[in-house]
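Letter by letter, the chains look like this.
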Amino acid sequence: MEPKNLRAYHVVVWGATGFTGKLVAEYLLQTYGTRGDLHWAIAGRNRAKLEDLKRALGESANDLDVLVADANDEASLDVLTSQAAVICTTVGPYAAYGSKLVAACVRQGTDCCDLCGEPIWMRRMIDQHHEAAKVSGARIVNACGYDSIPSDCGVAFLNAYARQKTGYPCRRIAFRFEQAVHGDMSGGTIASAFSTQADARRNRSSASILKDPYALNPPRERSGPDGRDLARVAFDVDLDAWISPFAMAFINTRIVRRTNALLGYPYGRDFRYEEAVLAGKGTRGRVKAHLATVVLGAFAAGITRTPRLVRPLLPRPGQGPSRERRETGSFSILLVGQSLDGKTIKARVTGKRDPGYGCTSRMLGESAVCLARDSTPAAGGILTPASAMQEQLLPRLVANAGLTFEVVAD
């Protein structure tokens, strides 16, 4: 096994011809070029499509290498992963196309970052590969996009500030999604949701993973004070406003809890974390919260009970919004922390582009570069963004990806 720092490529973008893969390739080309300190390549299973992408990227991509492999061919994946320090993969649903890639990365000691929001598959990878990845040094970092970097790194950021300010981390943090402009859900995310629900329908053990708030924690550490994610309208006393369920809480909350466990509980073993959508104050806020809950419930019921009827109405993998919508999109998240002495500390995480594509492609790209080029202290294993690279990743996200992390009240 060749050491990662001696391999031909720092980063290989796997699935580069898909919608999000193209955006990651565009971003890396615009930000790092092909003749600088970052050596990277694009990869997929179809050479002709990869060459088409290379031409579409323009003359600046003339020196970009093209690699071919097959997600179902272990030998070709071993060759691919042996050439790279980091595989940056957008090929989902990961339950269908990601397992053999993870196994190859673990065998070759290759780092990997993805956009996975599939807790059932992630749990399987943890159970199957975490210990072997620790031995080989492979850092497999899930959820390196809108799910779940703002949540995971935002909590780490707020807790670091609380510890600096008070000497202690927050005992509780509430994530409140404030707004998204042009925040389209990606076809890949929708495909992952259908895949996850189909798995849960077929397997009782898979369904139990979805319900368990600590399902992604290490074995023997899958318990704690948090219950199930919010499933109804509620009133947030701290903000004097109504809240409704947040669609991605089922993955974000588990990533945050896994980070806490992997790092040895710097937030405390009694740390509580939950996510919701901030609907607003008064009667108007209450009505808005109820409407949002009904819409989310209808969507969840559709993918669970009538997937064949609902699926044709939604974006497919490879489909996405126009460049204008991606570039003019934005999002804002408020994190409300309660310190041990009862004080409230608030932080805000914002992104300047559409969260599902514009911001996500940049977050994933910077995660790959961070793993490849920065001296992160994390050892091998199935990791989370904050447990693998939070201190090194945040400056990259702020400088290059259009994100901000700021304390707004203490």
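Residues numbered from 1 in each chain as written. Predicted model: local features only at pLDDT ≥ 70, side-chain atom pairs only at ≥ 80, totals over all residues. Heavy atoms only, no water.

A. Molecular detail of the pairing of strand β2 (residues 40–44). In terms of burial, β2 is largely enclosed, as five of its five residues are buried. Of the two faces of β2, both are covered, the one formed by W40, I42 and G44 as well as the one formed by A41 and A43. Chirality of the crossover, the property in question, places the unit of strand β1 (residues 9–14), helix α1 (residues 19–32) and β2 among those that are right-handed. Across four bridges, β2 lies against strand β3 (residues 65–68) in parallel orientation. When the sheet's bridge partners are listed, A43 is paired in β3 with L67. Handedness of the β-α-β unit built from β2, helix α2 (residues 47–56) and β3 comes out right-handed. (Buried < 20%, exposed > 50% of the residue type's maximum accessible area, 1.4 Å probe, protein only. Helix = DSSP H or I, 4+ residues; strand = E, 2+ residues; numbered from the N terminus. Right-handed = clockwise from strand over helix to strand, strands pointing away. Pairing = 2+ DSSP bridges.)

B. Representation of the packing of helix α14 (residues 355–373) against helix α15 (residues 385–400). With their axes 9 Å apart at the nearest point, α14 and α15 run at an angle of 135° to one another. Considered as vectors, α14 and α15 are oriented oblique to each other. Both α14 and α15 take part in a crossing whose hand is right-handed. Contact residues: α14 offers R362, M363, E366, S367, V369, C370, L371 and R373, while α15 offers M389, Q392, L393, R396, L397 and N400. Here the contact of α14 with α15 is composed, by residue class, of seven nonpolar, three polar and four charged. (Axes fitted to C-alpha atoms, helices over the stretch in contact; angles between N-to-C directions. Parallel < 35°, antiparallel > 145°, perpendicular 65-115°, else oblique. Left-handed = near helix turned anticlockwise from the far one by under 90°. Contact = heavy atoms within 4.5 Å. Nonpolar A, V, L, I, M, F, W, Y, C, P; charged D, E, K, R; others polar.)

C. Fine view of empty space enclosed by the protein. Scanning the model with the defined rule gives one cavity of 30 Å³ or more in all. Considering the residues around the largest cavity, the lining is formed by A95, E118, I120, W121, S195, T196 and D199. Residue assignment for the lining of the largest cavity shows that the elements contributing at least two residues are α6 (119–136) and α8 (187–202). Grouping the amino acids of the lining of the largest cavity by side-chain chemistry returns three nonpolar, two polar and two charged. (1 Å grid on protein atoms, 1.4 Å probe; cavity = no way out; pocket = protein on both sides within 12 Å on 5 of 7 lines; lining within 4 Å. Points joined across faces, edges and corners; volume = space filled by probe spheres on them.)

D. Layout of the layout of surface pockets. Roughly 330 Å³ of internal volume is contained in the second largest pocket. Lining the second largest pocket are 17 residues, with A156, L263, A386, Q390 and E391 sitting closest to its centre. At seven residues, α15 tops the list of elements feeding residues into the lining of the second largest pocket. Of the residues contributing to the lining of the second largest pocket, the split by class is 10 nonpolar, five polar and two charged.

E. Representation of the packing of α6 against helix α10 (residues 249–262) in the model. Axis separation between α6 and α10 bottoms out at 11 Å; the angle between their running directions is 25°. Here α10 runs roughly parallel to α6, going by the angle between their axes. Packed against α6, whose contacting residues are P119, M122, I126 and H130, the element α10 presents F250, I251, I255, R258 and L262 at the interface. The residue makeup of the contact of α6 with α10, split by class, is seven nonpolar, one polar and one charged.

F. Spatial organisation of the packing of aromatic side chains. Evaluation of the coordinates by the stated rule reveals nine aromatic pairs. Taking 6.5 Å as the distance between ring centres and 15° as the angle between the ring planes, the aromatic pair formed by F271 and Y273 counts as stacked. Take F271 and Y273: they sit in the same class, and that class is buried. Among the aromatic residues, those joined into a cluster by ring pairs are F175, F177 and F246. R257 extends its terminal NZ or CZ atom over the ring of Y214, reaching a point 5.3 Å from the ring centre. (Phe/Tyr/Trp six-rings, centres within 6.5 Å; stacked < 30°, edge-to-face > 60°. Lys NZ or Arg CZ within 6 Å of the ring centre and 35° of its normal.)

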